[in-house]
Amino acid sequence: MGAKKPKVKKGPKGKKARAKAKLEQVWGEHVDEEARQASKFRKGKSRFTPATETTTTTTQQRRHQKEKVVDPLSTNRRGLKTSFESFLERKDNLYQHEQEQKQKQRQYAHQKKNKRYNAAHDESSDEDDDSDEEMGGVDSNGGSLSHLLKRINGPKKSSSRKIAVESDDDDDSNVNSDAASDDDDDTESVSSASSSSSSQQSHSDSDDDDMDMIAEENIDLPKGAAEDPYEAHFSKKPLPQLDSTDNTNNLMPHLAKSSKANTSSLLSSSMQVHLSGPILDSFETLTGSLPDKTKPKQMWKEFARGPQQHTRQVLSRNWNSVNRNALKRSQRERSENENDISLSPLQQVLYPAISNYADVLISMESRQNRNEINNLLTMHVLNHVLTSRSRVQKHNRRIKQLAEVDDDAADEEDDDQWRDQGYTRPKVLLLFPTRGTCWAFVHKMIELLGDSALLEMEDRFEAEYGPIKREKGSEEDEDKEKARVDAIMKQKGREWNELFGEEANDDDDFKIGISLTPNVDKKKIRAKKGATVTSSGSGVKLRLFADFFHSDIILASPIGLKMSTTHEESDDEGEDDTADVDFLSSIEMCIVARSDVLMMQNWDHVNSVLDSLNQQPKNVSNIDFSRVRNYFLEGQGKYWRQMIVVSAFTDPYVSSTFRRHAKNIEGQLRIRKKVSTDNASICDVMVRVKQVFQRVTCPTVSEAGSARLRFFSEHVLPKLQRLQQKHTLIYIPSYFDFVAVRNLLLKREVKFVSVTEYARVSEVSRGRARFLQGVKPIMLYTGRAHFFLRHKIKGARHLIFFGLPEYDEFYPSVVNMLNEGLTSEDEDDVSRLPMSSLSLFTKFDAHQLERIVGTSHAERMIKGDKSSYVFAS
């Protein structure tokens, strides 16, 4: 048998494997020593050898030398660089040159857009894209180098961390797959936003995109313009020094700096404004740059002018008409002739801090200024969401353009420039006490968007959140019933009617998501719905009842949001009762509206919701981490989250929550109102009665309730039993204190009736009748029952405040009930004892006491040597 043929070793399979083998052959480190020695001889037309050798080379020998491996460290190779390091250096220099050319071209294109600021955005964006493509290639010197790299490396695989380009409906939300099929209309917004028809941009929001591009490229803005607050706040890198401890003030001393701002000639002298952190530094810098004789009114006006430059034009167009009622007559006339945003004095103080994303605590809301505060918050919320959404849409279009040119072009760009969102899409959380207050805020948003708003699910929203319509009967009966109801409602006050009136929707269990999509073609959307097309251009699609993971704004009550994120049943004691709260992981702005009303409901629900914000998500399967901002990845989202708390008064519970959750690195603004003696609520008492205020000694705030109960059981209740005093009304603000006093009376076997917010209507009616008749000498009346029901208690002649009421108007309204419904003929001993009023307070009730007797009196009563103080009316 013949000898077997030796197996021929096969080469590597596949184009990339062969290229890799070729790379190892050419650039490998293991080089034949003979080849190294051979590389010392110069190769070319004029060959020469050392003097010691005189051999001649044949053509076959020269061909054999060419086939040998050449040392890559040789300094005399032909056609290639002298070393691999210099080769890589040339590649890096070429890349830097390309990036510089692209940067210059972008700046040139955006400067042209700045000159044509009101021109069509789409035409200028096309020029920008074309210029980028033109500068995307390499020059003639680097062309051969790129060709060589492609031949050596072969075709590249798509990177595992490739930036994902989502549909416009999910462009800034990394949502669960359940909600992936949201709607088909949002895809139209991408095409309409990127279309080049300038005729449809007459009332569009495209000029806001130009402003974003100008801010990104750091091109000089017109005189008077300031840095974009959105870009300045949300484009910062994470703060590593915050990882070690949770105390922001210790690590960042400038946040602990606080100072009172001068608001004279702008607000009343009773208003106190405190600034802290970077927002205080900005105010002091501006104050130092202005002349010394500049009035505070002009300083605050200049302070608010900078952020106005970056307000979306779709909002600024309608602002003056929406905010018209909040302005004075002189400001209204001026706003009709100016295109700038006109602000009231209070808005001028609040707007700089709000627009710069500082934490804000407003403790002086009233019926008179509620409209201007809500207008400002509505504009800020819409401006933030529209800016964020437009930024994401622009980045998506840019990534698509880069992907069309080269699959890896997006990866070669700076990674941080695409980080424009959080883990999930919801950005803004607003907490409201009732559906009616939520309905009013959403209508304010629609009003501010104006003709640009394209609503979806509006009918359902009106049915579930709008005013409740009363059923009509016969005309005669309806007139009598209406007259009776109107008389009762008038006694309860306007504030109560706005919250709990006959037509007000006072349901406190609700939650709703709203999604906003800017740059939508209004003509296409309205034509699709079959509506009449009155105007063309781009608008903002506002979808109500959107899924939370597809929403930009979440409006909810604390109890409604807590019930939706908590399991109904938990059999195991160790089982975690929290449900999916991932949609709250990327909240950038939280507004707690009507905090005083939420405190009367249950403030613990508010704290529970705030504790759930900006937690690391549990489900990360659908998150594109290449688009998530760095501070979210570092777990520092709470330091960038803006907290805005609005309340009618200052309260320890509200202040404690704000101090615990307001940790924004931009600083804080606190505004409160001091109460003068003339404006104290005690001045509204119309009954001639001596009002005694008794200070109870209490070491800590946690022992305040037990200290008052001890004083009541040792000094007050024995006198009531000894004198057998009837017609005594005991007002108890807290329900926990009510339970303690009720148990004490039951233990002492004292007859009494109680009126609480949980009692049935029949029980309340029966108890009120027995108290009026004198059958029951004592009535326990809770503060929450008075807040929600506003009963007119008759038969009271002696009044005891177990604690001071939270609302200052409650004190005179309850005191004025004395002797209501009683006459001297009804009972012999009614007029035997004069009317009396006793109020128990501790040093921790300073805020309530200030609103009742005034700031100066409250300071003296808290710090004075005496413990009893008498006011006569």
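The rules we used
Residues numbered from 1 in each chain as written. Predicted model: local features only at pLDDT ≥ 70, side-chain atom pairs only at ≥ 80, totals over all residues. Heavy atoms only, no water. Helix = DSSP H or I, 4+ residues; strand = E, 2+ residues; numbered from the N terminus. Contact = heavy atoms within 4.5 Å. Areas by Shrake-Rupley, 256 points an atom, 1.4 Å probe, with all protein chains shown as cover. Pairing = 2+ DSSP bridges. Axes fitted to C-alpha atoms, helices over the stretch in contact; angles between N-to-C directions. Expected span 1.5 Å × (residues − 1). Buried < 20%, exposed > 50% of the residue type's maximum accessible area, 1.4 Å probe, protein only. Phe/Tyr/Trp six-rings, centres within 6.5 Å; stacked < 30°, edge-to-face > 60°. Lys NZ or Arg CZ within 6 Å of the ring centre and 35° of its normal. Core = buried A, V, L, I, M, F, W, Y, C linked by side-chain atoms within 4.5 Å. Salt bridge = Lys/Arg side-chain N within 4 Å of Asp/Glu carboxyl O. Polar contact = N/O pair within 3.5 Å; in protein donor to acceptor, adjacent residues only side chain to side chain. Left-handed = near helix turned anticlockwise from the far one by under 90°. Nonpolar A, V, L, I, M, F, W, Y, C, P; charged D, E, K, R; others polar. pLDDT = per-residue confidence, 0-100. Arc of directions from axis to C-beta. Parallel < 35°, antiparallel > 145°, perpendicular 65-115°, else oblique. Patch = residues over 30% accessible without salt bridge, like charges linked within 9 Å, V, L, I, M, F, W, Y side chains within 5 Å.

### With respect to the overall build of the protein
For step 1, the next point in the chain: If you tally the helices and strands in the protein, you get 34 helices and 18 strands.
For step 2, the next point in the chain: Sequence separation of at least 24 residues holds for 79% of the intrachain contacts in the protein that already meet a minimum separation of 6.
For step 3, the next point in the chain: When the accessible area of the protein is evaluated, it comes to approximately 45200 Å², of which 48% is carbon and sulfur surface.

### Here we look at the sheet that holds strand β9 (residues 589–592)
For step 1, the next point in the chain: In space, the 11 strands of this open sheet follow the order β1-β2-β11-β3-β10-β9-β4-β8-β6-β7-β5, with mixed pairing throughout. Only two strands of the sheet have a single neighbouring strand rather than two, namely β1 (258–261) and β5 (453–456). Between one strand and the next, the sheet's axes are offset by a mean angle of 15°, whatever the strand orientation.
For step 2, the next point in the chain: With 6 bridges connecting them, strand β2 (residues 271–276) and strand β11 (residues 668–673) associate as antiparallel partners. Note on β11: the bridge partner recorded for Leu275 is Leu669.

### Looking at helix α19 (residues 435–449)
For step 1, the next point in the chain: When the terminal C-alpha atoms of α19 are compared, their 21 Å separation across 15 residues agrees well with the 21 Å that a helix rising 1.5 Å per residue should span.
For step 2, the next point in the chain: Buried residues of α19: Arg435, Thr437, Cys438, Phe441, Val442, Lys444, Met445, Ile446, Leu448 and Leu449, and no others.

### Quick look at the packing of aromatic side chains
For step 1, the next point in the chain: Applying the stated criterion to the full structure yields 30 aromatic pairs.
For step 2, the next point in the chain: An angle of 90° between the planes, with centres 5.9 Å apart, marks the rings of Tyr465 and Phe510 as edge-to-face. In this pair, Tyr465 sits in helix α20 (residues 458–465) while Phe510 sits in the loop between α22 (494–500) and β6 (511–521), placing the two residues 45 residues apart along the sequence.
For step 3, the next point in the chain: Since its relative accessible area comes to 2%, Tyr465 is described here as buried.
For step 4, the next point in the chain: The exposure class of Phe510 is buried, given its relative accessible area of 1%.
For step 5, the next point in the chain: Each ring, one from Phe787 and one from Tyr807, has its centre 5.4 Å from the other, and the planes form 20°; the classification is stacked. Of this pair, Phe787 sits in helix α31 (residues 783–789) while Tyr807 sits in the loop between β16 (798–801) and α32 (810–815), and the two are 20 residues apart along the sequence. Tyr807 shares its class with Phe787; the two are buried.
For step 6, the next point in the chain: Across from the ring centre of Tyr465, 4.6 Å away, lies the NZ or CZ of Arg435, which sits over that ring.

### A word on the nonpolar core
For step 1, the next point in the chain: Counting 81 residues, the largest nonpolar core has Trp300, Leu350, Leu516, Ile553, Leu555 and Ile671 as its most contacted members.
For step 2, the next point in the chain: Counting residues per element, this core draws most heavily on helix α17 (residues 370–405), at 8 residues.
For step 3, the next point in the chain: Counting residues in each nonpolar core, the second largest holds 74 residues, with Val592, Met600, Met779 and Met861 among its members.

### Digging into the pairing of strand β13 (residues 728–732)
For step 1, the next point in the chain: Counting buried residues in β13 gives 5 out of 5 residues, a clear majority hidden from the surface.
For step 2, the next point in the chain: Residues of β13 alternate between two faces, with Thr728, Ile730 and Ile732 on one and Leu729 and Tyr731 on the opposite face, all of them buried.
For step 3, the next point in the chain: When β13 meets β16, the two strands line up parallel, connected through 4 bridges. Paired with Thr728 across the two strands is His798, which belongs to β16.

### Quick word on the pattern of salt bridges
For step 1, the next point in the chain: Counting across every chain of the model gives 23 salt bridges.
For step 2, the next point in the chain: As a salt-bridge pair, Lys427 and Asp552 come within 2.9 Å of each other at their nearest N and O atoms. Of this pair, Lys427 sits in the loop between α18 (409–412) and β4 (428–431) while Asp552 sits in the loop between β7 (538–544) and β8 (553–556), and the two are 125 residues apart along the sequence. For the pair Lys427 and Asp552, a shared accessibility class is recorded, and that class is buried.

### Description of the side chain of Ser551
For step 1, the next point in the chain: Relative to the elements of secondary structure, Ser551 occurs in the loop between β7 and β8.
For step 2, the next point in the chain: Among the polar contacts listed, one links the side chain of Ser551 to the backbone oxygen of Ala546, at a separation of 3.2 Å.
For step 3, the next point in the chain: Excluding its chain neighbours within four sequence positions, the residues that come into contact with Ser551 are Arg425, Pro426, Gly513, Ile514, Ser515 and Ala546.

### Quick notes on the packing of helix α28 (residues 704–723) against helix α29 (residues 735–748)
For step 1, the next point in the chain: The N-to-C vectors of α28 and α29 enclose an angle of 35°; their axes lie 11 Å apart at closest approach. Crossing handedness for the pair α28 and α29: right-handed. Between α28 and α29, the residues in contact are Gly705, Arg708, Leu709, Phe712, Ser713, Leu717 and Gln721 and Asp737, Ala740, Val741, Leu744, Leu745 and Arg748, respectively.
For step 2, the next point in the chain: Along the lines of polarity and charge, the residues of the contact of α28 with α29 split into 7 nonpolar, 3 polar and 3 charged.

### Some remarks on the confidence of the model for the protein
For step 1, the next point in the chain: When the pLDDT values of the protein are averaged, the result is 76; 66% of them are 70 or greater.
For step 2, the next point in the chain: Note on residues 26–31: pLDDT is under 50 here. Beyond four places in sequence and across chains, it has 13 contacts.
For step 3, the next point in the chain: Below pLDDT 50 for its whole length, residues 42–57 participates in 10 contacts with residues either more than four positions away or in separate chains.

### Points about the environment of Val620
For step 1, the next point in the chain: Among the structural elements, Val620 can be located in the loop between α25 (595–611) and α26 (630–633).
For step 2, the next point in the chain: With relative accessibility at 40%, the residue Val620 sits in the partly exposed group.

### Thoughts on the sheet that holds strand β17 (residues 836–841)
Pairing between the strands of a sheet is mediated by backbone hydrogen bonds and can be parallel or antiparallel.
For step 1, the next point in the chain: The 7 strands are arranged β14-β15-β13-β16-β17-β12-β18 in an open sheet whose pairing can be described as mixed. Every other strand in the sheet has two partners, leaving β14 (752–755) and β18 (868–872) as the edge strands with one partner each. The average undirected angle you get between the axes of adjacent strands in this sheet is 20°.
For step 2, the next point in the chain: Where β16 lies against β17, 4 bridges are found, and the strand directions are parallel. Paired with Leu799 across the bridge in β17 is Ser837.

### Observations concerning helix α34 (residues 855–863)
For step 1, the next point in the chain: Among the residues of α34, Thr855, Ala858, Met861 and Ile862 are the ones counted as buried. Projected down its long axis, α34 shows its buried positions confined to an angular sector of 130°, all on one face.
For step 2, the next point in the chain: Buried-residue contacts for α34 involve β12 (690–695), β17, α33 (846–853) and β18.

### Focus on the packing of helix α12 (residues 278–289) against helix α13 (residues 296–308)
For step 1, the next point in the chain: Running from N to C, α12 and α13 point in directions that differ by 120°, and their axes come no closer than 10 Å. Relative to α13, the element α12 is oriented oblique. With respect to the hand of their crossing, α12 and α13 are arranged in right-handed fashion. Where α12 abuts α13, its residues Ile279, Ser282, Phe283, Leu286 and Thr287 lie against Met299, Trp300, Glu302 and Phe303.
For step 2, the next point in the chain: Across the contact of α12 with α13, the residue classes break down as 6 nonpolar, 2 polar and 1 charged.

### Overview of the environment of Gly705
For step 1, the next point in the chain: Residue placement: Gly705 occurs in helix α28.
For step 2, the next point in the chain: Overall, the relative accessible area of 21% leaves Gly705 in the partly exposed class.
For step 3, the next point in the chain: A sequence separation of 32 residues divides Gly705 from Asp737, and the C-alpha atoms of the two residues are 6.6 Å apart.
For step 4, the next point in the chain: Sequence-distant contacts of Gly705, that is, excluding residues within four places in its chain, are made with Asp737 and Phe802.

### A word on a nonpolar patch on the surface
For step 1, the next point in the chain: The grouping of Val620, Phe625 and Leu633 at the surface amounts to a nonpolar patch, some 230 Å² of accessible area in total.
For step 2, the next point in the chain: Assignment of secondary structure puts Leu633 in helix α26.

### What about unusual backbone geometry?
For step 1, the next point in the chain: At Gln724, a position not held by glycine, the phi torsion is positive, near 50°.
For step 2, the next point in the chain: One can find Gln724 in the loop between α28 and β13.
For step 3, the next point in the chain: Phi at Glu749 is positive, roughly 60°, even though this residue is not glycine.
For step 4, the next point in the chain: One can find Glu749 in the loop between α29 and β14.
For step 5, the next point in the chain: Owing to a relative accessible area of 73%, Glu749 belongs among the exposed residues under this scheme.

### Notes on the environment of Lys638
For step 1, the next point in the chain: Secondary-structure assignment places Lys638 in the loop between α26 and β10 (642–646).
For step 2, the next point in the chain: Measuring from C-alpha to C-alpha, the distance between Lys638 and Met589 comes to 9.7 Å, with 49 residues separating the pair along the chain.

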